[in-house]
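# Fold and contact review
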Amino acid sequence: MSLDHADIREQICEIGRRIYARGFAAGNDGNISCRLSDEVVLCTPTLICKGFMTPDDLCTVDLSGRQLSGKRPRTSEIFLHLEVYKGDPAVKSVVHCHPPHAVAFAVAHEEIPTGILPEVEVFLGPVPRAPYETPGNDRFAATIRPFVGRANTVVLSNHGTVSWGPTVERAYWNTEILDAYCRILILARQIGRVERLSAEKVNELLDLKQQFGEAPDARRRFGGDLIINPDFGRPDRTPE
Ligand SMILES: [Zn+2]
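My aim in this report is to walk through the structure given alongside it, one point at a time. (Residues numbered from 1 in each chain as written. Predicted model: local features only at pLDDT ≥ 70, side-chain atom pairs only at ≥ 80, totals over all residues. Heavy atoms only, no water.)

## Structural notes on the pairing of strand S1 (residues 31-35)
- For S1, the tally of buried residues reaches five of five residues, placing the bulk of the element in the interior.
- In S1, alternate side chains face the same way, and those of Asn31, Ser33 and Arg35 on one face and Ile32 and Cys34 on the other are all buried.
- By the bridge criterion, four bridges tie S1 to strand S5 (residues 93-97) in an arrangement that is antiparallel. Counterpart to Asn31 in the pairing with S5 is His96.
- Where S1 lies against strand S2 (residues 40-43), three bridges are found, and the strand directions are antiparallel. What sits directly across from Ser33, in S2, is Cys43.
- Between S1 and S2, which pair antiparallel in sequence order, lie four residues. (Buried < 20%, exposed > 50% of the residue type's maximum accessible area, 1.4 Å probe, protein only. Helix = DSSP H or I, 4+ residues; strand = E, 2+ residues; numbered from the N terminus. Pairing = 2+ DSSP bridges.)

Quick look at the structure:
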C-alpha cells in the first residue's frame, strides 16, 4: 500500500473527523477529495464513516473516475468532485456532505440570502442551489457544472452541499461557514426578523474581499443582485 502524499491523506482524515463530529455526515455520508496532479485525485472510499478513516483507507482515481489505487472501492459520488476539477484548474480540493442547517435551506428550496453577515460576503459570496438529481449518476454530477468557476460553495436541492478550494481545509471551511450562517438565519427568523446590510456596506465588504486576495465575487464579475433573497426573514412576508 503506497502512502504517498501522507500529509494530504492525514488532512483528509482530519477533515473527515471534523465533518462527522459536527454532524455534517450521518452514517457513511459525505466524501472528500484532493487533486494530487493533473491526472490523479485522492478520495475517500465508499461505505466508510468519515469520522474513523485512516490514511490507507483512501483511494486514487483518474479524471474519468477509474480507480488507480486503494484497498476499498472509491466513493460513488466521485463524479461530482471530478466535475469541479475539470471545470476549474485552480481547485485542489472538494468536500461534499449533508450539514443540517444548510440542507434545511436545500430542502425548503429557499435561496441562501446575501447582505447579512460580513464573513459570509467575504468568504462565500452568493451560494447557488443546484437542481435535484438522483445521487451517483452522470446527471447528478452535471447539476453543479454551471456554478463551477462562479462560486466556491453550492447547495444541492433536497440533498446536501459541495464546497471547494485551494486546500482540503479551505474547501471544508466553506461548508462550515455556510452551515453556521444557515443556523444563525434560522434562529434569527425564529426571533422574527432578519435585517440587511446596506448596498454601500456590502460593496465595502466586496472591496475587502479583493484586498484579501479572494477570488473576485460573482456579483462583481457577472452582475446580478447584490442582495439575494431580500424577502427572507421579512416579518411581513407572505408565504409562497
Ligand atoms: Zn450526498
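## Things to note about the side chain of Glu121
- Along the polypeptide, Glu121 turns up in helix H4 (residues 118-123).
- The buried category is assigned to Glu121, whose relative accessible area is 1%.
- In contact with Glu121, other than residues within four places in its own chain, are Thr114, Gly115, Ile116, Val202, Leu205, Leu206, Lys209, Asp217 and Arg219. (Contact = heavy atoms within 4.5 Å.)

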